[in-house]
Amino acid sequence: MAVNLSAIRDLLLPGLRGVVGKYEQIPSQYDKIFTKHESKMALERTAEMRFLGLAQLKTEGGQTAFDNGAGERFIYNQEHSEIGLGYAITRKAIDDNLYKSQFMPSNLGLIESFQQTKEIYGANVLNTATTYNASVGGDGVALISTSHPIDGGTVANRPAVDVDLNEATLLNGMISVRTNFKDQAGLKMFARARRLVVPPQLEPVAIRLTKTELRPGTADNDVNAIMMTSGGLPEGYMTNDFLTSSRAWFLLTNIDGLSYMQRIPFEMDMQVDFVTDNLLVKAYERYSFGYYNWRSIFGSFPT
């Protein structure tokens, strides 16, 4: 049913002091977590390859070792979703509205609705990071796991036991990214934590850990090792308002792997229905959030 006179009955008479209901929106957060890519396909696929392993010791006159294990290991899928929303408003509701400048019939907040929807879909990748998604495929385990398979073993981007955020656990996470992350052949890589991501409930903790020059939470005169260890956190911390766990925390790394793919950018259209004279307004967007490299993130989900 279209928005009609009964839905805006108080806007038909003079005397209202004003009309409220629109508020300042939360600034964009997903673009500080995900790398944006343009897409021209309905389904985007990313292959993770295995390159050469370590060189081997050669004896005098002996044969050179060959590593013929290079090749494709895992495929990560990212399928775009269609996002749409619209509304209809009657001709009389438009004509008789005395407060058009404050309640604009042609703009009831579609842009804001789409922006917040995008934030929720983006945060959902982190909120469900410990649950394996078969549609993504990849290495067969969740984005954040203790057992990502590589040739000859497994690698974790999660503590063996999930831990709350504090000085020791943050340092351990930063060191783990540096020392444990390997490629498919088992070679160490230049992996460093660059940004801490927390829910609003952990922002005070994040501030104390990343904004103090001296060691947080002690009376010692030690330097704050978080700012120096493994290059520190060059991008500091960020708070994501759409994380559902009040205790989960994440470290984004310098390795690309969290992906926002835009297939069709936001578009908005309107027309007047010839039969009813209703104004029809709708918007459409097509995109997806996903990942193709677990080395882009380290996380902990304490309960």
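It should be emphasised that the depicted structure is a prediction, and the values quoted were computed from it without experimental measurement.

Peer 1: Looking at this structure, how should I read the environment of Phe-190?
Peer 2: Tracing the backbone shows Phe-190 in the loop between α3 (167–180) and β7 (193–198). C-alpha separation for the pair Phe-190 and Thr-179, spaced 11 residues apart in sequence, amounts to 9.3 Å.

Peer 1: How should I be thinking about the nonpolar core in this particular structure?
Peer 2: One recurring pattern in soluble globular proteins is that nonpolar side chains are buried together. In this structure, Leu-170 and Leu-196 are the most contacted members of the largest nonpolar core, which totals 61 residues. With 6 residues, the top contributor of residues to this core is strand β11 (residues 279–291). Once residues within four sequence positions are removed from consideration, Leu-196 is found in contact with Leu-165, Leu-170, Ala-206, Thr-210, Leu-233, Gly-236, Tyr-237, Met-238, Trp-249, Phe-250 and Leu-251.

Peer 1: Looking at this structure, how should I read α3?
Peer 2: An α-helix turns once every 3.6 residues. As a result, residues three or four positions apart point the same way. With 14 residues, α3 ought to run about 20 Å at 1.5 Å a step, and its terminal C-alpha atoms sit 19 Å apart, in line with that. The complete set of buried residues in α3 reads Glu-167, Thr-169, Leu-170, Leu-171, Gly-173, Met-174, Ser-176 and Val-177. Among the structural elements, β7, α4 (203–210), β9 (249–253) and β12 (297–300) are those in contact with the buried residues of α3. The residue sitting at the N-terminus of α3 and contributing the capping side-chain oxygen is Asn-166; that oxygen lies 3.1 Å from the backbone nitrogen of Ala-168.

Peer 1: So what exactly am I meant to see when it comes to the packing of aromatic side chains here?
Peer 2: Geometry of an aromatic ring pair is reported as the spacing of the ring centres plus the angle between the planes. In the structure shown here, the tally under the stated rule is 12 aromatic pairs. Pairing Tyr-30 with Phe-289 gives two aromatic rings, centres 5.6 Å apart and planes at 85°, and the pair type is edge-to-face. Placement of the pair is Tyr-30 in the segment before β1 (35–38) and Phe-289 in strand β11, with a sequence separation of 259 residues. Look at Phe-289 and you get buried, because its relative accessible area is 14%. Among the aromatic residues, ring-to-ring pairing joins Tyr-30, Phe-34, Tyr-121, Tyr-260, Tyr-287 and Phe-289 into one connected group.

Peer 1: What am I meant to see in the sheet that holds β11 here?
Peer 2: Within a sheet, adjacent strands bond to each other through the backbone by hydrogen bonds, running parallel or antiparallel. Pairing is mixed across the open sheet formed by 4 strands, whose spatial order is β1-β10-β11-β4. Among the strands making up the open sheet, the edge pair consists of β1 and β4 (81–89). Neighbouring strand axes in the sheet, compared pairwise and without regard to direction, differ in orientation by 30° on average. Where β4 and β11 come together, 9 bridges link them in antiparallel fashion. What sits directly across from Ser-81, in β11, is Tyr-287. Of the strands in this sheet, β4, β10 (258–272) and β11 touch helix α2 (residues 110–127), which is tilted by about 20° from β11.

Peer 1: Is there a simple way to think about α4 in this case?
Peer 2: Looking at α4, one finds that the buried residues are Ala-206, Leu-209 and Thr-210. Buried residues along α4 cover an arc of 80° about the axis, so they all sit on one side. Those residues of α4 that are buried are in contact with α3, β7 and β8 (237–239).

Peer 1: Hey, could you run me through the side chain of Glu-119 in this one?
Peer 2: Relative to the elements of secondary structure, Glu-119 occurs in helix α2. Buried Glu-119, no salt bridge; nearest opposite-charge side chain is Lys-32, N-O distance 7.5 Å.

Peer 1: Would you take a moment to explain unusual backbone geometry for this structure?
Peer 2: With the exception of glycine, the majority of residues adopt a negative phi angle, and the majority of peptide bonds are in the trans configuration. Its identity is not glycine, yet Ser-230 carries a phi of approximately 50°, on the positive side. Look at Ser-230 and you get buried, because its relative accessible area is 12%. In this structure, Asp-277 takes a positive phi of about 65° despite not being glycine. Mapped onto the elements, Asp-277 comes out in the loop between β10 and β11.

Peer 1: Can you walk me through the pattern of salt bridges in this structure?
Peer 2: Once the charged atoms of two side chains with opposite charge are near each other, the side chains can pair. By the definition in use, this model includes 15 salt bridges. Across the pair Asp-95 and Arg-91 runs a salt bridge, and its minimum N-O distance is 2.8 Å. Of this pair, Asp-95 and Arg-91 both sit in helix α1 (residues 91–95), separated by 4 residues, roughly a single helical turn. A relative accessible area of 45% means that Arg-91 is categorised as partly exposed. Between Glu-167 and Arg-215 there is a salt bridge; the shortest N-O distance is 3.1 Å. With Glu-167 in helix α3 and Arg-215 in the loop between α4 and β8, this pair connects stretches of sequence that are 48 residues apart. Judged by its relative accessible area of 14%, Glu-167 falls in the buried class. Under the relative-accessibility criterion, Arg-215 is labelled partly exposed at 32%. Bridged by salt links that share partners, the residues Arg-50, Asp-67, Arg-73 and Asp-151 form one connected network.

Peer 1: I would appreciate a short explanation of the pairing of β7 in the present structure.
Peer 2: Two faces, one strand: in a regular strand the side chains alternate between the faces of the sheet. Counting buried residues along β7, 6 of its 6 residues qualify, which places the element largely inside the surrounding structure. As paired strands, β7 and β8 are joined by 3 bridges and run parallel to one another. Residue Leu-196 lies in a different strand from β8, and its bridge partner there is Tyr-237. Note on the crossover from β7 through α4 to β8: the handedness is right-handed.

Here is what the cut-offs are and how they apply
Residues numbered from 1 in each chain as written. Predicted model: local features only at pLDDT ≥ 70, side-chain atom pairs only at ≥ 80, totals over all residues. Heavy atoms only, no water. Helix = DSSP H or I, 4+ residues; strand = E, 2+ residues; numbered from the N terminus. Core = buried A, V, L, I, M, F, W, Y, C linked by side-chain atoms within 4.5 Å. Buried < 20%, exposed > 50% of the residue type's maximum accessible area, 1.4 Å probe, protein only. Contact = heavy atoms within 4.5 Å. Expected span 1.5 Å × (residues − 1). Polar contact = N/O pair within 3.5 Å; in protein donor to acceptor, adjacent residues only side chain to side chain. Phe/Tyr/Trp six-rings, centres within 6.5 Å; stacked < 30°, edge-to-face > 60°. Pairing = 2+ DSSP bridges. Axes fitted to C-alpha atoms, helices over the stretch in contact; angles between N-to-C directions. Arc of directions from axis to C-beta. Lys, Arg positive; Asp, Glu negative; His and termini not counted. Salt bridge = Lys/Arg side-chain N within 4 Å of Asp/Glu carboxyl O. Right-handed = clockwise from strand over helix to strand, strands pointing away.

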